[in-house]
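# A structural walkthrough
If you want the building blocks of each chain, they are given just below.
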Amino acid sequence: MIKNNQNKFLYLTILILLFGLISGCSSDDREIVVVDIHSGNGKVEIEFIENLPPSKAYASEELQIGFKAINYGAYEVKNGIISLVGDPGYLFFEDGLTSEEEITDLTAKSNYDPRDTEQFFIFDAKTAFPDKGFSEHESVLYVNYCYDYENVFNDQICVDPDQYNLKPVDNKVCQVSESSYSGQGGPVGISSITPKMILRDDDIYPQFRIHIRNFGTGQIFSTGQSDIFCGSESINRDFMNSIKIDKIEFSDMTLEDFDCFPDINDVVIRDREADIICTLKEGSSKRLRSIDEAYTTNLNIEFKYGYSESVSKTITLINQNDMIR
Amino acid sequence: MVTGPPRREYFPTARRAMQGVRDAPGNIVNATLGYDVGTMTHKGGMYWVWLSIFLCFADWTLLGFNGIDFRNVLLKITNGGLPFIIGVIFNLIVLVLLAFYIFFGKHSKEEILNFSIAVIMTSLILTMVNFNGASLIHLAFAWFMWHLLFKEAMPKQDANLMLAVILFIDFFAFSIIATFNGASFVNRLIIPVHFFFSLNYTRESAFKSVLVAIVIIVYLSLVSATLYTMDDFTEQLTNNDKITAKQTFMKAYDNLVLLFTQTKAGVTASVNDYVNDTKNDLQGTSYTTEIDAKSKQDLGVELADVGRDDLTRYNTGDTIRITGILEGRNIDDFDKIDVFVTCYGRRSIDSKNRTNGTVLGKEVYKISMGLYEEQFIDCEIKNASRGDWTIYFEALFNFTSEGYLKTYYMDKDRYISLRSQDIDVFENYDIRDTRPVSKSINGPAKIGIVTGNPPGLIPYNKSETFTSYVGVSLTNNWNGGKLNKVWDIKLTIPYGLELTNCNDRFYNEYSDSGLGESSYSLMEGYIQKTFNYTIDDVRSEKCSLNLTDREELLGSSPFSTRYFKAESTYEYLLKKSVAVTVHDQK
């Protein structure tokens, strides 16, 4: 009798648990959103923390300057440097007129964690008011930041042996045409790709015109030069506005299989734009066989560059002597 | 035989000469040189000769007037444009006025013709060339001569002709001769036309005779010396004669030239020194500056509430009493300002004479003003005479004004790299104050500082030159006062730069890399030299800058913000007045 009761209690418990489990598994109407992290023109941006520094300060006051560097882009920040520049005679740091720190925590986004990453910076500063006859002085604090960034481009490109429709076919899978893009998750990205399938002796030699654009307002430089760009040294002009293409993959072709112009190691951005034309090397074993039907295949391009921007904040320094007049 | 009263007829020179020969052979000299005593009206006083000499001296030293190049008139006419159109309109108006003069006045044809020539020439001079102060003085001189000398000395038509002739010679003749490579000795200094006309038309006197004799001797020696250098004469004289005469006259000529040259060089140098000193050092340019507008009030000393102590009627013999409040508005309470207060009065009918008053029992009252102090001041002028009086309070004090100018520097190569990519450097570095202007405290005088446009470009290579400058000005900031004397100007520039070409004015007080600045002050000798000159409204100094330390100037950032600072200690005279009427005692 007791055993029966125990069994009943056990069955009831299991039933309740099952009911609860089934109820918890009820369907949700919300869609699962897949974020394309390699899109847009996100970059590192500096946001001052409210009241750090305050908009007004007095002479001989110790201030804290706080801001966060937010990585709105898709890639990891490497060799990042933050350099603060004070106002000579009015606003200075422990080290003097400038103070510097490295950016270390701005990691890349992933499909599992597409959130923007942040790093906080706090600097101690001190004010002075050497001009005793003035009531106030507008001191400007500059934050210059330089870092290495990258760009990853992926898209399906059409391979069509009859690009100019000399032999019209119904229901062609794809057409070779220029594609435009609004960025791949960084301030510098590919804005268009113009593919061309060059037919030679029944073989297809793919050619791509890659248009690169600086979508932001910052300055591009060669990777590994952040300390120079955020410092005062003379800049070697060869490092200015120069990016390096690291990877081009199309079907089974790699970077080494292409002839590119200009040199992929020194693509110079002029007026915020650059064009690179890469063609499969003549006689390459990886040339495509001419077939009857068109098909699509993946094109992957990656490049690296350095990027530099500046922000400023004005602090009104108030002369205490003037206040009592 | 001539009978009856003296004739009052006038004859033009040729006719007059003939008439003179006919009437009395001895009159021919008078007839050709001037007017027959019988026909002449009044001649001018000797002061015209002195005025002409003074004008000539002024041309030589200050004015530098050398007529008008007639080619400029032609150029203006051919170029056309607005100035030409305005000139044409002005001349048309003159012509219309002239037409009224001709049609509505009763004048002889000769008088009208001569007057018209003079008026049209004046109108052209006024409108068709770049008219200046020197031209105005010469134009006015000619017209005064016409009005006060020629018109008195001769009939109107001849006076008009003389005016036209003197205008033509003075403004055009010498430049025409110079244009056509005329003789170098025919210039306005060797042939002073005003002087000759004045000498001719002044009254006869012993002094005039002496002056005429000197002029004749000087010109004969000049002409002789010139003629003896000509080959045409050589055949008629022996070699010894030629050598002796030539040596004699050349010596005379050389002496005259030497006298002229030395006098001119001496006068020109002293005048130039004076003009340069006053223009460049004591006057100068007032550089743009922003007054510290947010300062609560003016700094310095203020004379407030100056007025009569009551509304009583002042009668002759009364004591006029004026009161005021002296307010000290110093920067801080540690540096007190010594203020010397005086008062005096002037009567309107006798404004040149000053009657000193007493301030609180003393003629000069010294008050030390600290921060936000005020002092009652009281002035008495005893035994006032009848009339309208202006009573002045004056406060004389020393004050120091400060100013600064922000600017930017950056590496030249970096700048070129950015600009070659069409990147705006200010936008790139988020610099919003792209064209900073200097700022000055709100004192009696304001400091203005100027330097080259930012960013200053610093070359990496030392062989590349860095050129820049810094200028500082001190300008009167108050309406009721005057910048009296400048005691010192201290200029602080960013470390890494130095003042050049200013060794006679500024000396380096210190250069401190820790402070990041180099300081310069005015040299004692320079202050002494300029101490007694009156400054009207502005005084400025400008010096070149030389790069001494690139790294210090640029710091460790892509661009550097740097400041030029200046302070000047000066003497300021503040003046306030009040009107008082003293009546007759009834």
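Note that this is a predicted model, so its numbers are computed, not measured.

### Structural notes on the overall build of chain B
For chain B, the helix and strand inventory stands at 15 helices and 20 strands. Here chain B, with 586 residues, has 30% of them falling under the buried criterion.

### A closer look at the overall build of chain A
From N to C terminus, chain A includes 3 helices and 18 strands. Residues counted as buried form 37% of the 325 residues belonging to chain A. For chain A, restricting intrachain contacts to residue pairs at least 6 apart in sequence, the fraction spanning at least 24 positions comes to 74%.

### As for the pairing of strand β7 (residues 117-127) of chain A
Residues and elements named next belong to chain A. Bridge count between strand β3 (residues 62-71) and β7: 10 bridges; the pairing is antiparallel. Across the sheet, the residue bridging to Lys 68 is Phe 120, located in β7. Both strand β5 (residues 91-93) and β7 contribute to a ladder of 3 bridges, which runs antiparallel. In the strand pairing of β7, Phe 93 is matched with Ala 125.

### Examining unusual backbone geometry
The step from A:Leu52 to A:Pro53 runs through a cis peptide bond, and the omega angle for that step is 5°. Topologically, A:Pro53 is positioned in the loop between β1 (44-48) and β2 (56-58). Backbone torsion omega between B:Pro454 and B:Pro455 reads -5°, so that peptide bond is classified as cis. Checked against the element boundaries, B:Pro455 lands in the loop between β12 (445-451) and β13 (456-458). For A:Ser251, which is not glycine, the phi torsion reads 55° and is therefore positive. Relative to the helices and strands, A:Ser251 resides in the loop between β13 (242-250) and β14 (258-261). Of note, B:Asp305 is a non-glycine position whose phi angle comes to about 50°, a positive value. B:Asp305 gets classed as partly exposed once you count the C-beta atoms within 10 Å, which come to 13.

### What about the sheet that holds β1(A)?
Residues and elements named next belong to chain A. On the basis of which strands lie adjacent, the open sheet formed by 4 strands has the order β1-β3-β7-β5 and antiparallel pairing. Each end of this open sheet is capped by a strand with a single partner; those strands are β1 and β5. The mean inter-strand angle of the sheet, taken between neighbouring strand axes irrespective of direction, is 40°.

### Points about the confidence of the model for chain B
Residues and elements named next belong to chain B. With 72% of its residues at a pLDDT of at least 70, chain B reaches an overall mean of 75. Of all secondary-structure elements in chain B, the lowest mean pLDDT belongs to helix α2 (residues 28-33), at 38, while β12 reaches the highest, 92. Segment residues 1-41: pLDDT under 50, and 32 contacts once partners within four positions in sequence are set aside and those in other chains are kept. Both confidence scores are given for the complex: pTM 0.61, ipTM 0.75.

### Here's the deal with the interface of chain A and chain B
Every contact between the two is made by 32 residues of chain A and, on the other side, 34 residues of chain B. Of the residues belonging to the side of chain A that touches chain B, the class tally is 9 nonpolar, 14 polar and 9 charged.

### Some points on the sheet that holds strand β14 (residues 468-476) of chain B
Residue and element names in this part refer to chain B. With antiparallel pairing, 4 strands are arranged side by side in an open sheet as β12-β14-β19-β16. Both outer strands of the open sheet, β12 and β16 (497-500), are each paired with one neighbouring strand and no more. On average, adjacent strands in this sheet sit at an angle of 30° to one another, irrespective of strand direction. Two strands pair when backbone bridges link them, and β16 and strand β19 (residues 538-547) are joined in this way by 4 bridges, in the antiparallel orientation. Across the sheet, Glu 498 pairs through a bridge with Asn 546, a residue of β19.

### Describing helix α9 (residues 193-200) of chain B
For α9(B), the complete set of buried residues consists of B:His194, B:Phe197 and B:Ser198. Mapping the buried residues of α9(B) onto a view down its axis gives an arc of 100°, with all of them on the same face.

### Notes on the environment of B:Leu167
Residue and element names in this part refer to chain B. By the element assignment, Leu 167 lies in helix α8 (residues 156-179). Using a count of 23 C-beta atoms within 10 Å as the deciding quantity, one classes Leu 167 as buried. With 49 residues separating them in the primary sequence, Leu 167 and Ala 118 have C-alpha atoms 7.4 Å apart. Apart from the residues within four sequence positions on either side, Leu 167 is in contact with Ala 118, Met 121, Thr 122 and Ala 142.

### What to know about the packing of helix α3 (residues 47-63) of chain B against α9(B)
Residue and element names in this part refer to chain B. At a closest axis distance of 8 Å, the pairing of α3 and α9 adopts a crossing angle of 175°. Put simply, α3 runs roughly antiparallel to α9. In this structure, α3 contributes Trp 48, Val 49, Ser 52, Ile 53, Leu 55 and Cys 56 to the contact, and α9 contributes His 194, Phe 195, Ser 198 and Leu 199. When its residues are assigned to classes, the contact of α3 with α9 shows 7 nonpolar, 3 polar and no charged.

### A short note on the nonpolar core
Residue and element names in this part refer to chain B. Formed by 126 residues in total, the largest nonpolar core has its most connected members in Val 341, Phe 393, Ala 395 and Ile 449. The element that contributes the greatest number of residues to this core is strand β10 (residues 387-411), accounting for 11 residues. Residues in contact with Phe 393, not counting those within four places in the same chain, are Leu 303, Val 306, Ile 322, Gly 324, Val 341, Cys 343, Ile 377, Cys 379 and Lys 576.

### Examining helix α7 (residues 133-153) of chain B
With 21 residues, α7(B) extends 29 Å from end C-alpha to end C-alpha; this agrees with the ideal 30 Å at 1.5 Å per step. Of all the residues in α7(B), the buried ones are B:His138, B:Ala142, B:Met145, B:Trp146, B:Leu149, B:Phe150 and B:Ala153.

### Here we look at the environment of B:Phe65
Counting through the fold element by element, B:Phe65 comes out in the loop between α3 and α4 (70-79). Of the residues examined, B:Phe65 has 19 C-beta atoms within 10 Å and is grouped as partly exposed.

### Looking at the environment of B:Thr288
Residues and elements named next belong to chain B. With respect to the element layout, Thr 288 can be found in the loop between α11 (239-283) and β1 (289-291). Judged by C-beta crowding, with 12 C-beta atoms within 10 Å, Thr 288 ranks as exposed. Once the C-alpha coordinates of Thr 288 and Val 437 are considered, the two residues, 149 residues apart in sequence, prove to be 6.7 Å apart. If we skip the residues at most four places from it in the chain, Thr 288 touches Val 437 and Gly 448.

Here is what the cut-offs are and how they apply
- Residues numbered from 1 in each chain as written.
- Chains lettered and ligands numbered in written order.
- Predicted model: local features only at pLDDT ≥ 70, side-chain atom pairs only at ≥ 80, totals over all residues.
- Helix = DSSP H or I, 4+ residues; strand = E, 2+ residues; numbered from the N terminus.
- Buried ≥ 20, exposed ≤ 12 C-beta atoms within 10 Å, placed from the backbone.
- Contact = placed C-beta atoms within 7 Å.
- Pairing = 2+ DSSP bridges.
- Axes fitted to C-alpha atoms, helices over the stretch in contact; angles between N-to-C directions.
- pLDDT = per-residue confidence, 0-100.
- Nonpolar A, V, L, I, M, F, W, Y, C, P; charged D, E, K, R; others polar.
- Arc of directions from axis to C-beta.
- Parallel < 35°, antiparallel > 145°, perpendicular 65-115°, else oblique.
- Core = buried A, V, L, I, M, F, W, Y, C linked by C-beta atoms within 7 Å.
- Expected span 1.5 Å × (residues − 1).

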